[in-house]
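In case you want the letters, here they are:
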Amino acid sequence: MTPARTTRRGFIALAAVTAVGVTASCAPGGAPAPRDPAPSALERRQVWAHMVPQGLPLAADPDVHYGSERPLSLAPAGTGYERLLAGQLTQARAAGLTGMQILLLDGVNSGTDFVADWMSAADPSWQNSSSAGFSVAPCLQVSSLRRATSMVEQYAAAAAEHPSAARSGDALVVWVYNARSLSPGDWNTLRGTLHDRGTDVFLVAELKTQASQHGDTLDTSLVDPYAGSFDALWLFEDKETEVLHDVVSWAAAHDLPFAGGSLPGYDRQTARGGYVDARGTELWRRHLESQLAAHPAWLTAVTWNDAVEHTSVQPTTDWGRTRADLLAHHSAVFRGAAQEDSEARAYASSPQYLLAGRELLVEGLVINHGHTAVRVRTRVTSAAGRTLAEAVSEPVAAGGVTAAVVERTLDLRGGEHVVAVVDLLDEKGARTAGVRGAPVVVYDEADPAVPSPDRRRYYSLGSHETTDFSGVARLERGEGPGPSGMHVTTTRAVRSVELLHNTWPAGLALDATGVGYEDPPGSIVGGQEVSTVPGGFTIARVVTHEGRIAYSAPVHHGASGG
C-alpha cells in the first residue's frame, strides 16, 4: 500500500523535537488526510548543501592529494574526528546552511555512514527550544530497490535517537540523487514498504535532467513519469540558468515544491572532464539570485565540499571564504534573517594563470553589510605596481552585492605576473577597505609548463582573511635552476604552508613552520592525473591558524626549467 502524503504541500523540514507539520484529519480507513496549510506553515526556509564524503578525508593523509584546492578544515593527522566534524559544522553554519544532505552510495555505504556522525555533532544545536537547529539527512545514489529500502531503514533506526534528523511532519526527509536510476514503481514500492514497516519518508528527488545533453532545454519526457513519486524536487544541473524557469514551472504544474540547487562552477581536472567556468563568482551569484527569484521552498548548494569536481562552497585554500560568504548573504536574505557581520568586505577573484595573448578576467566583489553605499574598484597591476587596466562599479547600497570586472586582453609575456587589487570607495571616493589578490602567472602559449587540461581556474581572497606574506614567511630558492631545493619558512607555526608548482601540490605541511619542495604527485584526489615539468612557476601559500591567507610572489624557472 502506498501511504497518503501529508507533507508535500507543507514541505517543512524540522527536527523531531520542534517539527511543525501539516494539520490532518482522519480519512476513511484511518489514514491521515492532507489539508492545505496556511502560508505561515512554510516559515522554516532551510538552506541545504549536498556533501560528498567519499574519498575526502578531513585530516592530512600522505596518500591523498587535492591539487591546489583543499578544505580549510584540513588539520594535522591525529586531530580527533569529533573535533574535525565540529569544525565543519561551524563552517557550514557560518555559511548560512541550516542543513546538510550527505551522499551515500548503495553497495558502498550503509544508511548511517557519515550521517550518524553529523547527527551526533548537530544534535546540541536543537537544545535551544526558541530556534531550530541544524538538520541532517542522507542523499541516496542507488540502483537497487532492495538496497535503497535497506539503507533508509538503517538510517531511520539511527534517526530515531537524534533530534537533528531532518523531518517534514512525521516523515523523515531523504534526498535522492539521480532518482531516474530506479523506476517510478520502484519508488512507490519503497515508500509503501517503509510505511507498512512504520517509517514514512519525505523524498526530495534530483531527476538528472541533463539539459546540457538535450540542447540546454528540459526534456520533460524524461521526468514526467516521476512526477507522482516524490514530495519535492531539487536540481543538480550545469545548465541551471538555461532551464531553471522550465524546471520550476514543471514542478509547480505537478504540485512539487522546488528545493533549489545552485552550482558555483564545475571543473573535473581530467582530459575529458566536464567544465563550467565559474567566471570569478559570477556564476555562483547568478545562480543564487535566480534561485531566490524562483521563490523556492528551500535553497540548496551543490556542493559543500566536492574537491574532485571543484564545486565546493566550503572554505578552501583556493577560494578562501568567498563562496561561503556569498552563500551566507543570500541565505540570510532568503530566510529573512539578520546578516552576521556589519561591514563592507572586498574580495579579489583572479585566474591562477594566464596564457599570453588570451583574455584576462579578474573580479572585484563587495558584500556590503555596512551602513552606507560603496563602490568597488578593480585594478590589474604589474608586479611593479603599474596599473594595466581598471574597472569601477556603480554604487551599491547597504545590504547589496556588486562586482567590478576587468575582462580584456593585455600586452603580457610569459614569465611575468600580474595582480588584482580591489578597493572599496566611499561616496567621496576615499578608500575604506581593500584586498590584494593572488598572483596571476603568465605562460607563453607553447610553454610545456602550462597546466593540462588548460582551463581557467581561480584563487580568491577576502579583505578580512588576508595577510602579507613577508610578515609571516620567507621563500628561498634552491641552488639549481629549477624548483628542487626550494623551501618556505614561517615565523611561527601555521595551519598550513605549501608550495604550488604550475598550480600542482609540491609540498605541504600542517601546523608547522616550514616545508620544502617535493615533486608533484602523479595524480590528485578523484583519479585526476598530474603532469608537469620543472619549468614554469612556483608559488608559496600560507594559511595561519587565524585563517589568514598569504601568497608569495611567484618564482619563474623558465620554459625549460633552466
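Residues numbered from 1 in each chain as written. Predicted model: local features only at pLDDT ≥ 70, side-chain atom pairs only at ≥ 80, totals over all residues. Heavy atoms only, no water.

A.B. asks: Hey, could you run me through the sheet that holds strand 22 (residues 458-462) in this one?
C.D. replies: Note: strands within a sheet are paired through backbone hydrogen bonds, in either parallel or antiparallel orientation. Pairing in this open sheet of four strands is antiparallel, and the strands run 19-16-14-22 from one edge to the other. Each having just a single partner strand, strand 19 (401-409) and strand 22 make up the two edges of the open sheet. With strand direction ignored, the average angle separating the axes of adjacent strands in the sheet is 15°. Here strand 14 (residues 344-351) pairs with strand 16 (residues 359-368) via six bridges, running antiparallel. Residue pairing across strands places Tyr347 opposite Leu365, the latter belonging to strand 16. Contacts from helix 8 (residues 322-335) reach strand 14, strand 16, strand 19 and strand 22 within the one sheet, and its direction differs from that of strand 16 by about 45°. (Pairing = 2+ DSSP bridges. Helix = DSSP H or I, 4+ residues; strand = E, 2+ residues; numbered from the N terminus. Axes fitted to C-alpha atoms, helices over the stretch in contact; angles between N-to-C directions. Contact = heavy atoms within 4.5 Å.)

A.B. asks: What am I meant to see in the sheet that holds strand 17 (residues 375-382) here?
C.D. replies: One open sheet holds the five strands; their spatial order is 15-21-20-17-18, and the pairing between them is mixed. Of all strands in the sheet, those with a lone pairing partner are strand 15 (353-355) and strand 18 (387-392), marking the two edges. The mean inter-strand angle of the sheet, taken between neighbouring strand axes irrespective of direction, is 25°. Taken together, the five bridges between strand 17 and strand 18 define a ladder with antiparallel strand orientation. Residue pairing for strand 18: Arg379 is matched across the bridge by Glu390.

A.B. asks: Explain the confidence of the model for the protein chain here, please?
C.D. replies: For residues with low pLDDT, the predicted coordinates do not support detailed interpretation. Taken residue by residue, the protein chain gives an average pLDDT of 88. The fraction at 70 or more is 88%. Between residues 1-43, whose pLDDT stays under 50, and residues either more than four places distant or in other chains, the model counts 94 contacts. (pLDDT = per-residue confidence, 0-100.)

A.B. asks: In this structure, what is going on with helix 3 (residues 145-159)? I would like to understand it.
C.D. replies: Given a rise of 1.5 Å per residue, 15 residues ought to cover 21 Å, and the 21 Å separating the end C-alpha atoms of helix 3 matches this to within 8%. Among the residues of helix 3, those classed as buried are Ala148, Thr149, Met151, Val152, Tyr155, Ala156, Ala158 and Ala159. N-capping of helix 3 is provided by Ser144, with a side-chain oxygen placed 3.4 Å from the backbone N of Arg146. (Expected span 1.5 Å × (residues − 1). Buried < 20%, exposed > 50% of the residue type's maximum accessible area, 1.4 Å probe, protein only. Polar contact = N/O pair within 3.5 Å; in protein donor to acceptor, adjacent residues only side chain to side chain.)

A.B. asks: What am I meant to see in the nonpolar core here?
C.D. replies: A general tendency of soluble globular proteins is for nonpolar side chains to be buried together. Within the largest apolar cluster, 69 residues are counted, with the highest numbers of intra-cluster contacts made by Met100 and Trp187. The leading source of residues in this core is helix 3, at seven residues. Setting aside residues up to four positions removed in sequence, Trp187 forms contacts with Val142, Val176, Ala179, Leu182, Leu203, Tyr226, Ser229 and Phe230. Listed in part, the 42 residues of the second largest apolar core include Leu354, Ala438, Phe537 and Tyr551. (Core = buried A, V, L, I, M, F, W, Y, C linked by side-chain atoms within 4.5 Å.)

A.B. asks: Sorry, what's going on with the pattern of salt bridges here?
C.D. replies: Two side chains of opposite charge can pair, provided their charged atoms sit close to one another. For the coordinates displayed, the defined rule picks out 25 salt bridges. The salt bridge involving Arg70 is made with Glu498; its shortest N-O contact spans 1.8 Å. Placement of the pair is Arg70 in the loop between strand 4 (47-51) and helix 1 (81-94) and Glu498 in strand 24 (residues 487-501), with a sequence separation of 428 residues. We note a salt bridge from Asp106 to Arg147, for which the minimum N-O separation is 3.4 Å. With a gap of 41 residues between them, Asp106 in the loop between strand 5 (99-105) and helix 2 (115-122) and Arg147 in helix 3 connect regions that are remote in the sequence. Judged by its relative accessible area of 10%, Asp106 falls in the buried class. One connected set of salt bridges, linked through shared partners, spans Arg70, Asp318, Glu498 and Arg541. (Salt bridge = Lys/Arg side-chain N within 4 Å of Asp/Glu carboxyl O.)

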